[in-house]
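# Working through the structure, step by step
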2 protein chains.
Amino acid sequence: MIPEEFKLDNQLCFRLYTASRLLTQAYHPLLSEQGITYPQYLVLLVLWEKDAQPVNDIAKRLHLETNTVTPLLQRMEKEGILTRKKGETDARQMIVSLTKKGSGLRRKLADVPSTVGSAVICDSVTPDTAHDLFRMLDDIIKTLSEKQ
Amino acid sequence: MIPEEFKLDNQLCFRLYTASRLLTQAYHPLLSEQGITYPQYLVLLVLWEKDAQPVNDIAKRLHLETNTVTPLLQRMEKEGILTRKKGETDARQMIVSLTKKGSGLRRKLADVPSTVGSAVICDSVTPDTAHDLFRMLDDIIKTLSEKQ
DNA sequence: TTTGTTTATATCGTTCACGATGCAAATATA
DNA sequence: TATATTTGCATCGTGAACGATATAAACAAA
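Source: prediction; values computed, not measured.

Reading guide: rules and limits
- Residue numbering note: each chain is counted from 1, following its sequence as written.
- Numbering of ligands from 1 and lettering of chains from A proceed in the order in which they are written.
- Totals for whole chains, interfaces and linings use every residue, but because this is a predicted model, local features are given only for residues with pLDDT of at least 70 and side-chain atom pairs only at 80 or more, for both listing and counting.
- The side-chain quantities take in all heavy atoms of the structure and omit both hydrogens and water.
- The criterion for a disulfide is a pair of cysteine sulfur atoms lying within 2.5 Å.
- The criterion is simple. A nonpolar core is a set of buried Ala, Val, Leu, Ile, Met, Phe, Trp, Tyr and Cys residues joined through side-chain atoms within 4.5 Å.
- Three labels apply to residues, based on accessible area from a 1.4 Å probe with only protein chains included: buried if under 20% of the type maximum, exposed if over 50%, partly exposed otherwise in between.
- Contacts: residue pairs with any heavy atoms within 4.5 Å of one another.
- Criterion for a salt bridge: a side-chain nitrogen of Lys or Arg within 4 Å of a carboxyl oxygen of Asp or Glu.
- Strands qualify as paired when DSSP identifies two bridges or more between them.
- Strands here are runs of E lasting at least two residues and helices are runs of H or I lasting at least four, both read from the DSSP assignment and numbered beginning at the N terminus.
- Axis definition: a line fitted to C-alpha atoms, over the contacting stretch in the case of helices. Angles run 0 to 180 degrees between N-to-C directions.
- Like-charged residues within 9 Å of one another, or nonpolar side chains (Val, Leu, Ile, Met, Phe, Trp, Tyr) within 5 Å, are grouped into patches, provided each residue has over 30% relative accessible area and no salt bridge.
- In short, Shrake-Rupley with a 1.4 Å probe defines the accessible areas, and a residue's cover is counted only from the protein chains shown.
- The sign given to each residue is positive for Lys and Arg and negative for Asp and Glu; His and the chain ends receive no count.
- The atom standing in for a charge is NZ when the residue is Lys, CZ when it is Arg, CG when it is Asp and CD when it is Glu.
- Note on definitions. A residue lies near a molecule or strand when any single heavy atom of the residue is within 4 Å of it.
- By the criterion applied in these results, polar contacts are pairs of N or O atoms within 3.5 Å in which, for protein atoms, one can donate a hydrogen and the other can accept it, and in which residues neighboring in sequence qualify only through two side-chain atoms.
- Side-chain classes follow a simple rule in which Ala, Val, Leu, Ile, Met, Phe, Trp, Tyr, Cys and Pro form the nonpolar group, Asp, Glu, Lys and Arg form the charged group, and the remainder, Gly included, forms the polar group.
- For the least-squares superposition of copies, only C-alpha atoms count, and only for residues with pLDDT at least 70 in both.
- Accessible area, probed at 1.4 Å, shrinks when two parts are joined; the buried area is that loss added up over both.

## With respect to the state of the cysteines
Under the criterion given, the structure shown has zero disulfides over all chains. Unpaired in terms of disulfides, Cys-13 of chain B finds its nearest cysteine sulfur in Cys-122 of chain A, a separation of 14 Å.

## Some thoughts on the nonpolar core
Ranked by size, the top nonpolar core spans 102 residues in total, and within it Tyr-41 and Trp-48 of chain A together with Tyr-41 and Trp-48 of chain B carry the most contacts. Not counting residues within four places of it along the chain, the set of residues in contact with Tyr-41 of chain B comprises Phe-6 and Gln-11 of chain A together with Tyr-27, Leu-31, Ile-36, Trp-48, Leu-109, Val-112 and Pro-113 of chain B.

## A short note on the pattern of salt bridges
When charged atoms on two side chains of opposite charge get close, those side chains can pair. The tally for this structure, following the rule as stated, stands at 16 salt bridges over all chains. With a shortest N-O distance of 3.1 Å, Lys-7 of chain B and Glu-4 of chain B are connected by a salt bridge. A relative accessible area of 47% means that Glu-4 of chain B is categorised as partly exposed. Through salt bridges with shared partners, one network takes in Asp-9 of chain A together with Glu-49 and Arg-61 of chain B.

## A few points about the sheet that holds strand β1 (residues 53-54) of chain A
Residues and elements named next belong to chain A. The strand order across the open sheet built from three strands is β1-β3-β2, with neighbouring strands paired in antiparallel fashion. Looking at the sheet topology across the chains shown, the edges are occupied by β1 and β2 (82-86). Two elements, β2 and strand β3 (residues 94-98), share five bridges in a ladder whose sense is antiparallel. By the bridge assignment for β3, Lys-86 is matched with Met-94. The strands touched by helix α4 (residues 66-78) are β2 and β3; relative to β2, the strand with the most contacts, the crossing angle is about 120 degrees.

## Looking at a positive patch on the surface
On the surface, Lys-101, Arg-106, Arg-107 and Lys-108 of chain A cluster together into a patch of positive charge. Among the secondary structure elements, Lys-101 of chain A is positioned in helix α5 (residues 100-108).

## Description of the protein's contact with DNA strand C
In the neighbourhood of DNA strand C, 27 residues make up the surrounding shell, with Tyr-17, Arg-21, Gln-25 and Arg-84 of chain A together with Arg-75 of chain B lying closest. Taking Tyr-17 of chain A, its side chain carries an N or O atom lying 2.5 Å from a phosphate oxygen of DNA strand C. Arg-92 of chain B is positioned with one of its side-chain polar atoms (N or O) 3.4 Å from a sugar or linking oxygen of DNA strand C. Counted by class, the surface near DNA strand C contains eight nonpolar, 13 polar and six charged residues.

## Description of the relation of the copies chain B and chain A
Of the transformation placing chain B onto chain A, the axial shift is 0.0 Å and the rotation is 180 degrees, giving an RMSD of 0.0 Å. In short, the pair behaves as if placed about a two-fold rotation axis. It is Leu-16 of chain B whose C-alpha, among those of chain B, lies nearest the rotation axis, at 2.9 Å.

## Side note on the interface of chain B and chain A
Contacts between the two partners involve 64 residues from chain B, matched on the other side by 64 residues from chain A. Summed over both sides, the interface of chain B with chain A buries roughly 6200 Å², with 70% coming from carbon and sulfur. On inspection of chain B and its partner chain A, the count reaches four salt bridges. Notably, a salt bridge pairs Arg-15 of chain B with Asp-138 of chain A, separated by 2.8 Å at the nearest N-O pair. If you look at where chain B meets chain A, you find 16 residue pairs in polar contact (both at pLDDT 80 or more). The leading source of residues in the side of chain B that touches chain A is helix α1 (residues 12-32) of chain B, at 16 residues. Residue classes in the side of chain B that touches chain A are distributed as 38 nonpolar, 12 polar and 14 charged.

Okay, structure coming up:
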């Protein structure tokens, strides 16, 4: 017999991993329509909030390393969604700014949050109870990101 | 001003994605010590529960497609962790079985669940409240996996 | 000023994920 | 029994993630 803690059903990480993948898949048809991926959508969310940010700020906001974000941004630059140019005050920085196409995607993707949101609503997760879930996930993220 | 639902902070998927990645990173030092990755650890959990399963059963258990699982298993076979051989009743199937090394890893990874578990404990997620989180995640997974 | 250290970004290699496609074995239908 | 369809797995291409490493600019110390 296997010890309880070795059972897949007992693993938090597996649930997070699966829920994350499945929910990302729910975004896919909506995003691919505009030729972008989910991580690219996250970059857009960050830049829609505040345009013209250095790579590092974007990476920090997404809890990603620059070696993940840099190629992501390069692909998005190639698609004409954003531009990357050297910082004027600090020449090490690369300032990432939205192009017309990039900021225009905000309107074209306007329905994404509500469309995906309604797909996740189930017995235990409704707009009401989502708050509890958010709090727990934020706490996990905070605890783990402080360990690095 | 940006509509509320477009703010990164309001996105469930981003939280799941981040929490999943950070928690997987917490597994990394423990798993790499034995030369395996987190998805490979998941395969081991499945096979420790029940040895000698076809590729399809493993994929279904992990909510992954076979085109993800097949290369994963091939790498694990090359590492001598498992074997893959054609099914006797159904020649299309590939039956995956643990080697001595593969089942031996169970003892060597015995401390992983408790070690990682204690790293996630924070104010809002304790062994007590984890149950609520599990229920919500299971519900999300169930809802989304039924949509395919 | 020279040297050393930190910081910001980039490059490389490996391993997932996953859509699209291919193929052979099994099964259903004609 | 032929033919068509489904099933199980594999291959391919692309885009993440991420550890390790590199490079140049900024900054600190000698």
